[in-house]
Amino acid sequence: MKKIPIPFLLIPFFSLAQGWDNVKIEANQVSSNVYFLKGRGGNIGVLAGSDGVLLIDDQFAALTDKITDAVRGITSAPITYIINTHYHGDHMGGNENFKKNDVEILAHKNVSARLALTFEDKIRKVTQEAKPESAWPTLDIPFSQMGLKLYGEDLEIIHLPNSHTDGDMIVHFKKSNVIHTGDTFVRYGFPFIDVAAGGSIDGIIKAQQKILELADENTKIIPGHGDIATIENVSELLTMLQETRKIIADHKSNGVALEDLIPMNPLKFYHNRWNGSFITTDLFVQLVYESL
Ligand SMILES: [Zn+2]
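Now for a quick tour of the structure. Please read these numbers as outputs of a predicted model, since none were measured by experiment.

### Observations concerning the overall build of the protein chain
Then, in step 1: On a plain count of helices and strands, the protein chain comes out with 9 helices and 14 strands.
Then, in step 2: Its C-alpha atoms give the protein chain a radius of gyration of 19 Å, within 12% of the compact-globule value 19 Å for 292 residues.
Then, in step 3: Within the protein chain, buried positions represent 44% of all 292 residues.

Rendered as structure tokens:
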């Protein structure tokens, strides 16, 4: 029987614990030395040097061997560094495994601080459990921006405060003209603004503006989820975010309560293009409202 691939976000949460054997890690070349890997979870960026390999994010613990094999298919150089774009488990679930192989893992300092916390997400009605220190990055980046020359590439790592979360960093491969955005830019419809973890509509708008400031028409943009993108895709998302922010902010400043706003369906004209199974139109209204 032919198998139909199901995007990660459409898989109900309870089924995530199974089916790892069926996950295929697919490598896509983006430039002479930059690749991205698709599997289950966030897209992984790969900088393949002759002496070592930098990964951007590492998906889930159950996929570490498959990810390592996929990198082996690109280069025989060892995986030496990982940058975690943020704290979500579908982007840093492999940390513990890679740390056992002495891989250095860098992330904005808010990522370790966030992973150390158990906290409630009242909007989505879930508890985010703290992760053991063995899963945390090995190096906390205290800067809002950091340049790094590594494996022949000029990297700029930039913190985009309070956007998808409070600890998002994007990675600009300046020589290759590639940007890995983490989940500050995604292609599954309305983006997830993790308000409980410091995300906000204004921050995620600024994130798109920053990406557009760094990029040109030839820039290859690796999103947190979905296919490779261009500035046109980022511009489209930015326009939607600005328009929907205005609609919801106007209602909020007119004193409309959230429970009254949702039945009014204020984003009905955006529903067909942007509604997703993970972030529905109603949930997006709520996330924007709560973060204003
Ligand atoms: Zn995320």
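### Looking at the packing of helix α5 (residues 201-214) against helix α6 (residues 231-253)
Then, in step 1: Running from N to C, α5 and α6 point in directions that differ by 155°, and their axes come no closer than 9 Å. Viewed along their axes, α5 and α6 adopt a mutual orientation that is roughly antiparallel. For α5 against α6, the interelement crossing comes out left-handed. Facing Ile 201, Ile 204, Ile 205, Gln 208, Gln 209, Ile 211 and Leu 212 of α5, the residues of α6 in contact are Ile 231, Val 234, Ser 235, Leu 237, Leu 238, Leu 241, Gln 242 and Arg 245.

### Observations regarding the sheet that holds strand β10 (residues 145-150)
Then, in step 1: Strand order in the open sheet formed by 5 strands is β10-β11-β12-β13-β14, with mixed pairing between adjacent strands. Whereas interior strands pair on both sides, the edge strands pair on one side only; in this sheet they are β10 and β14 (220-222). Each neighbouring strand pair of the sheet contributes to a mean axis angle of 20°, computed without reference to strand direction.
Then, in step 2: Sheet topology places strand β12 (residues 169-173) next to strand β13 (residues 178-180); 3 bridges connect them, and they run antiparallel. In the sheet register, Phe 173 faces β13, and the bridge partner there is Val 178.

### As for helix α9 (residues 281-291)
Then, in step 1: A large share of α9 lies buried, amounting to 8 of its 11 residues.
Then, in step 2: Residues of α9 that are buried: Thr 281, Phe 284, Val 285, Gln 286, Leu 287, Val 288, Tyr 289 and Ser 291.
Then, in step 3: The secondary structure elements touched by the buried residues of α9 are α5, α6, α7 (258-261) and α8 (268-274).

### A look at the packing of α6 against α9
Then, in step 1: The interhelical angle for the contact between α6 and α9, taken along N-to-C directions, is 65°, at an axis separation of 10 Å. Handedness of the α6/α9 crossing: right-handed. In this structure, α6 contributes Thr 244, Arg 245, Ile 248 and Lys 252 to the contact, and α9 contributes Val 285, Val 288 and Tyr 289.
Then, in step 2: Grouping the constituent residues of the contact of α6 with α9 by class yields 4 nonpolar, 1 polar and 2 charged.

About the criteria used
- Residues numbered from 1 in each chain as written.
- Predicted model: local features only at pLDDT ≥ 70, side-chain atom pairs only at ≥ 80, totals over all residues.
- Helix = DSSP H or I, 4+ residues; strand = E, 2+ residues; numbered from the N terminus.
- Rg over C-alpha atoms; globule rule 2.2 N^0.38 Å.
- Buried ≥ 20, exposed ≤ 12 C-beta atoms within 10 Å, placed from the backbone.
- Axes fitted to C-alpha atoms, helices over the stretch in contact; angles between N-to-C directions.
- Parallel < 35°, antiparallel > 145°, perpendicular 65-115°, else oblique.
- Left-handed = near helix turned anticlockwise from the far one by under 90°.
- Contact = placed C-beta atoms within 7 Å.
- Pairing = 2+ DSSP bridges.
- Nonpolar A, V, L, I, M, F, W, Y, C, P; charged D, E, K, R; others polar.

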